[in-house]
Amino acid sequence: MRTKDVAQRAVVVGLVALAFTRPAASQSLGAARSFAVLSSGDVTFKNRVNVNQVSGSQGATCPGSVGCPGDVGGITILMGRGNASAPDTVSGDVIGSANSSQGINCSGNAPGTTAICLGNDSEIAGLCATGGGAIDSPSECGLGVDTSGSNSDVTGLLPQADSAIVSFSAGLAALPATQALPEIALRTRGTTTITTSSGLNVISVPAVTAGTNSTITITAGTNDTVVINIGSSSESGSLQLGNGASVLLSGGITPDRVIFNLLGASTTAQLGNNSVFNGSILAPQGQFTSGDGNTPNPIIINGALLFGGSVSIGNNTNLNFFPFGGISSGDRKSVV
């Protein structure tokens with residue numbers, strides 16, 4: 001082999017090796033990372049909806065080892081009229097940006113003026129802040145209320161978070177795919193497994209539909225990250241889980257390292273009654289709904305719900321807040 005050919009081949013091999021090991025650019029949710037539920041529209045909780053702070057090592061950037069308190073933010077927040085034995089609860093702040101002329105109807109306040117309408121027995125561990133709109137049942141807010149419209153949660157954190165999910169979603173969509181899967185469409189009691197490689201996994205899929213009592217399992221290691229881009233800018237993605245369906249994790253990966261990124265206009269995500277979902281759902285142009293049945297077993301969501309459209313969470317839902325950890329410069333892309 002001629003010396004020139006050997007040199008050229010060495011360069012090509014070197015470039016391929018570099019492509020397989022080049023670091024991914026650091027990306028994070030920024031201001032949106034503190035939100036367990038975020039909407040650029042309105043947020044509705046029915047009865048027995050709980051946003052829980054998770055104990056353990058997750059959320060290591062939060063004080064102590066008990067995890068991160070999950071904020072709830074939107075234009076207006078409406079919580080169900082629960083009861084003392086099963087109230088709606090939020091472990092962080094509740095932020096409604098509506099002013100006194102943009103609000104919703106809620107008992108105790110003039111029609112159309114309420115930004116945060118709390119149920120009879122809602123329990124908010126943090127602060128309740130609005131853009132000037134009224135707060136119904138302010139005594140339910142553990143760290144007090146601020147309806148001045150000038151609180152930093154309203155003027156800074158919430159708009160910054162709304163902007164952050166748009167840019168973060170676009171950044172995830174631009175990552176080269178390590179796997180391109182056909183549409184996942186499971187029938188009743190169907191099963192499928194998504195198997196990954198070590199490091200950063202970027203999986204593209206047109207849509208995900210899981211029928212009644214079906215199971216999707218993501219297998220990955222403790223230090224791996226899984227990004228699932230659903231749809232595209234031209235073909236909107238959707239994520240639909242039927243009653244009793246599950247998205248499960250195996251191999252050591254935890255929910256703070258899994259994110260489903262719904263792409264395109266008017267995307268939808270829906271979870272049925274008794275479903276289990278592991279990972280955050282990000283949809284800057286999407287809406288979220290979950291089951292509204294009076295079922296004995298709750299819907300379990302381990303992650304966060306970050307949406308540009310409305311978020312409507314049905315009866316009996318436990319959202320255990322695992323903020324997505326982002327993508328660090330140490331993650332590797334297995335893509336040439």
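In case you missed it, the structure is sitting above this.
How each quantity is defined
- Residues numbered from 1 in each chain as written.
- Predicted model: local features only at pLDDT ≥ 70, side-chain atom pairs only at ≥ 80, totals over all residues.
- Heavy atoms only, no water.
- Pairing = 2+ DSSP bridges.
- Helix = DSSP H or I, 4+ residues; strand = E, 2+ residues; numbered from the N terminus.
- Contact = heavy atoms within 4.5 Å.
- Axes fitted to C-alpha atoms, helices over the stretch in contact; angles between N-to-C directions.
- Phe/Tyr/Trp six-rings, centres within 6.5 Å; stacked < 30°, edge-to-face > 60°.
- Buried < 20%, exposed > 50% of the residue type's maximum accessible area, 1.4 Å probe, protein only.

1. Some points on the sheet that holds strand β7 (residues 94–96)
In sheet architecture, strand pairing relies on hydrogen bonds along the backbone and comes in two forms, parallel and antiparallel.
Next, step 1: Strand order in the open sheet formed by eleven strands is β12-β10-β7-β4-β1-β28-β25-β22-β19-β16-β13, with parallel pairing between adjacent strands. The two strands at the open ends of the sheet, each matched to only one other strand, are β12 (145–146) and β13 (179–180).
Next, step 2: Sheet topology note: the strand β19 (residues 225–230)/strand β22 (residues 258–262) ladder contains five bridges and is parallel. Note that in β22 the partner of Ile 228 across the bridge is Phe 260.
Next, step 3: Contacts from helix α2 (residues 152–173) reach β1 (35–39), β4 (71–74), β7, β10 (128–130), β19, β22, β25 (280–283) and β28 (305–307) within the one sheet, and its direction differs from that of β1 by about 90°.

2. Here we look at the packing of aromatic side chains
Next, step 1: Under the defined criterion, the tally for this structure stands at three aromatic pairs.
Next, step 2: Consider the rings of Phe 260 and Phe 277, whose centres lie 5.0 Å apart with planes at 55°: the pair is tilted. Residue Phe 260 is located in strand β22, and its partner Phe 277 is located in strand β24 (residues 276–278); the two are separated by 17 residues in the primary sequence. In terms of burial, Phe 260 and Phe 277 fall into one category: buried.

Note that every value here comes from positions in space, so none of it alone points to a role or purpose.
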